[in-house]
Every structure is written in structure tokens, then in C-alpha cells.
Amino acid sequence: MKLLKDILYGVRLSAVNGDTNVMVNQIHFDSRKVELDDVFVAIRGLVTDGHKYIQKAIELGAKAVVCEEFPEILVNGVTYLKVVDSNSALAIIAANYYDNPSKNLKLVGITGTNGKTTVSTLLYNLFKKAGFKVGLISTIKVLVDDKEYTTSHTTPDVLTINGHLSEMNEEGVEYCFMEVSSHGIHQKRSEGLHFEGAIFTNLSHDHLDYHKSFAEYRDTKKKLFDNLPKTAFALSNIDDKNGLVMLQNTKARKVSYALKTYADYRAQILEKQFNGQLLKIDDNEIWSKLIGDFNAYNLLAIYATADILGLEKMETLKLISELENVDGRFQYYISKEKITAIVDYAHTPDALKNVLITINALRTGNENVITVVGCGGDRDKSKRPVMGHIASEMSNQAIFTSDNPRTESPSIIIEEMEAGVEPQNTKKVLSIENRKQAIKAACKLALANDIILVAGKGHETYQETNGKRVDFDDFKEVKEALANLNK
């Protein structure tokens, strides 16, 4: 139990009706979870408005209600707290409830369109190898040192975040690396957290269904840096044209990294192969198992972060050379027939283009590149023709298929992808709605030394259609299809 007035510390209240000097139990923003003596925070969401469920929460036992407008009927014995922004209030309340756990460890936020999962996961792996107790909050999973939890959002809700951070405190975790999405920033899920630093990877076309314009998407990301304290660091990729924008108004120490321009941290790619690449970082050559320019940026961000946080440089370089690919990020398999299959999470135009640039740079010229790709339903529709254009333009054969259609028609999504295919590339495109059959078709079309790229879902082990999820793993499917070629 917590004293209500204590967990309200720092919350901007515009009106109070009732007693704040009472003990409360749990905090909830889902009225269905409310029990006796809980606090219910009414959130205006995209789908529904929590204010509609205030009465239900009270009937279930809520002792206090945080809301942006009082209901018409106020129940005796219930404390009503009016705020300007329920999301911000929830963030501060959640941090207070768990005794502000982010202040007791070094929390680093990673934001950008692509690379968030790779950078956060590899930082976790590197610091673990260096002997520290480490936490991770990512798209793929949450790790409290060695204990693993599944996650359904890039940035979980603030109660979940603070709950995990509190557990990290209990386990003696020193560092935590956390993906911070534009949705999470906009919905104030990163508010109330004390960041040791933030990393900007890159910015490209994504989530414009939610943010409405690229400028709004960019400025939302920027808020993470704008809100950093003076004691923090702000590390930005200044090869990206938005890299300096992220640093414009931050109070934190500004640090840059780049491959192409002058920066505080620089790297150079000396050699590329399918099994890795030779990099020069800080005048030291290291071999990395991760390939592609995008991974060179990721590794440089990791090196810079480790250096800023005080790790010894040569030890960091040694540990970087030992890092393995993250699941679903340029994860490859070579069959007995010498067909290379690559599975990658590339679900944005820029990510797809980067992966295909990397693949084409490694070709000797005789291999064919066969790309299997789809676009998610109920998401940014404007990127579909762009991804269709990129896949058909940069591959010898493109197969358009389902990704996670969700509530949309898979055939309509594919038609919108086809709209981006230029006339000279139409003969290079097949459309196979069933993803399993599309992968099988790619494997049957492939000859020795050819390269198959299965893009879009990466680490995901499911496919979502009409609210239902079925097991589906791209990497398992392509390995099985290649193994069954002779059969």
C-alpha cells in the first residue's frame, strides 16, 4: 500500500475532490483490472476513452480516479484528481509508485527508425560479457539480467517499464538499455524516467499513419533528447540529416558518430564478406560478424556508448568482435545447394533498401537475388508502393506476399505494393498471398549461389490475421523449404 499524496508528487493537478491522505493499492489504466483500493487513471486512447469506464472502476473498488475531466456524478469516499494530461500523470505516478527505480541505474534510451533493437540488444550483450548486471527493454523481449519476459510493444506501458526497472534495482542491475519508440514518446511512456543518455540511430519513412507527417514523426523522436538532463549524454548519428536536429535543444552533453563526415566517433569499412566485415574504429582494425553499412553504424554507436559509460576501449573492441547477429536481423542460412537465405526485420522502405544494398554489394554478379516481402495491415499505407518499387527494382525476382495483414485484406495490401512497380520491372514480380507458399516458391526458383531475402517480419514467430495469431517463423520456414527441395 502507498500513500496517495506521495505517489502524486510532481503531478500537476488542476482540481482535487476528496482526500489525498489515504492509502491505495495498485495503479491501473485498464478498468477491468481494478480491485479494492486501487487507483484508476482514465486515458484517452486511439480506440477508446478511459473516462467512459470511471464508474465501472469505482464499482470494482477504485479509491481514487485520475482524469482530465470529472464525471457528472462524484461518489462519496472516492478521491477525484483532475489533470491536464492523463498520460503524463500516469508516467509520474508510476515512477513514484515504484520509488523512481530509473534513478538507481544507468538507463540509456535508443530511438530512431531502424537499428533500435540491434543497438539495445548488442549493448546488453556487450555489457553482460564485460561482467555487469544488465537490463534490456526491447521489441523482442525484456531482460532483468538473466530473467526473460516477453513483450508486445517496442516501448511497454509506464507501469510495466517501472515494474521491470524496480525488479532490476532488486537484482542489482547497473545498466539498462531501452528501445524508445515514437509511439512511446508521444504517449508519454518515457516520461518520469531518468535517462543517463540517449542514442539516435537514423530517421526514415515509417509510422506516418500515426504521426500524420514526417516533421511530426521527427519532432516526436526529438522530445527524448529535449528532455534529457544536463548530466546525461546525447549521442547522434550525424550522417543522417536529422542527426543534428536531435541535438538542437538538448541540455545533455552532445556527442556525434558517423562513417562519412567528421564526428566525435568515426568508423571505416575496410572489407566486406558474407560472414562479416573488417572495420576501423579509432584507428584500430576489428573483424565483426555483423555485415552491412547499417551494422557498421550500429556497432559504432555501441562502441561510442561503451566509451562514454567508461568501459576500456580495447576491451570494448574485443567484445564487439565477439558479438553475434540479433535474431531476425540479417540472420542467414546457407543450404547444401549453396543457396543463401537471409531473414531480416526490414519493414520500412529505408531498411529494405539498406539490406538489398548490402546484399548486392556482396554479390560477385552471377547470383540472383530473390526478395520475399509484404507490408503490415492497419499501418502506414503510404510506404507500400515505395517498398514494392524498391523490392522490384533492386532484386532479380520479387515475390509480394502477406506480412501481418491484421484486419485488412491481404490482396488489397499486395495491390498497393504492386502500384509502385515500374513497367520495366513487372515481369520480375510474382504475387503469392500465402506467405508460406511464397517462401516455398522463392526456394524453388533459386539456383546454386542465389540469395533469398525474406523481409518484414524478422524475429516475429507469428502471423496476425483478423485479430488471431498463428505460429509462423520466417527463418524456420525458409530453412525447411530449402531442406525439402530435393524431396
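Starting afresh in each chain, residues are numbered from 1 along the sequence in its written order. Residues qualify for local features only when their pLDDT is at least 70, as the model is predicted, and side-chain atom pairs are given and counted only at 80 or more; totals for whole chains, interfaces and linings, by contrast, use all residues. As a convention, hydrogens and water are excluded, and side-chain values are obtained from all of the structure's heavy atoms.

A. Examining the sheet that holds strand β11 (residues 147-150) more closely. Following DSSP output, two strands are said to pair if at least two bridges run between them. The numbering of helices and of strands both runs from the N terminus, where a helix is a DSSP run of H or I of at least 4 residues and a strand a run of E of at least 2. Pairing in this open sheet of 11 strands is mixed, and the strands run β11-β10-β9-β12-β8-β13-β14-β15-β16-β17-β18 from one edge to the other. Each having just a single partner strand, β11 and β18 (284-288) make up the two edges of the open sheet. Adjacent strand axes in the sheet meet at a mean angle of 20° when their direction is disregarded. Examined bridge by bridge, strand β13 (residues 197-200) and strand β14 (residues 233-237) share four bridges and lie parallel to one another. When the bridges of β14 are listed, Gly 197 appears paired with Phe 233. When checking whether two residues touch, look at their non-hydrogen atoms; a contact exists if any pair is within 4.5 Å. What counts as an axis is a line fitted to C-alpha atoms, over the stretch in contact for a helix, and the angles between N-to-C directions run from 0 to 180 degrees. Helix α10 (residues 293-308) rests against β12 (175-179), β13, β14, β15 (253-258), β16 (265-273), β17 (276-281) and β18 of the sheet, and its axis sits at about 140° to β16.

B. Highlighting unusual backbone geometry. Its identity as a non-glycine residue notwithstanding, Phe 330 has a phi of 50°, on the positive side. Residue position: Phe 330 is located in the loop between α11 (313-322) and β19 (331-334). Burial classification: accessible surface area is computed with a 1.4 Å probe over protein chains only, and a residue below 20% of its type maximum counts as buried, one above 50% as exposed, and the rest as partly exposed. On the basis of relative accessible area, Phe 330 is assigned to the buried category, the value being 0%.

C. Broad picture of the packing of aromatic side chains. Between rings of Phe, Tyr and Trp, where Trp is taken as its six-membered ring, a pair exists when centres lie within 6.5 Å; planes separated by under 30 degrees are stacked, by over 60 edge-to-face, and by other angles tilted. Per the counting criterion, the structure on display carries 10 aromatic pairs. Here the aromatic rings of Phe 127 and Phe 132 are separated by 5.8 Å at their centres, their planes lie at 45°, and the arrangement is tilted. Classification of Phe 132 by relative accessible area gives partly exposed; the value is 23%. Given the relative accessible area of 0%, Phe 127 is considered buried.

D. Up close: the pattern of salt bridges. Only one rule defines a salt bridge in this text: a Lys or Arg side-chain nitrogen within 4 Å of an Asp or Glu carboxyl oxygen. For the structure on display, the rule yields 24 salt bridges. Between Glu 322 and Lys 129 there is a salt bridge, and its shortest N-O distance comes to 3.8 Å. Pair noted here: Glu 322 is in helix α11 and Lys 129 is in helix α4 (residues 116-129), with a separation of 193 residues, a long-range link. The residue Glu 408 makes a salt bridge to Lys 381 at a minimum N-O spacing of 3.9 Å. Linking Glu 408 in the loop between β22 (397-400) and α14 (410-418) with Lys 381 in the loop between β21 (369-373) and α13 (384-394), this pair joins segments that are 27 residues apart in sequence. Given the relative accessible area of 14%, Glu 408 is considered buried. For Lys 381, a relative accessible area of 47% corresponds to the partly exposed category. Three or more residues joined by partner-sharing salt bridges are found here, namely Arg 44, Asp 49, Glu 68 and Glu 69.

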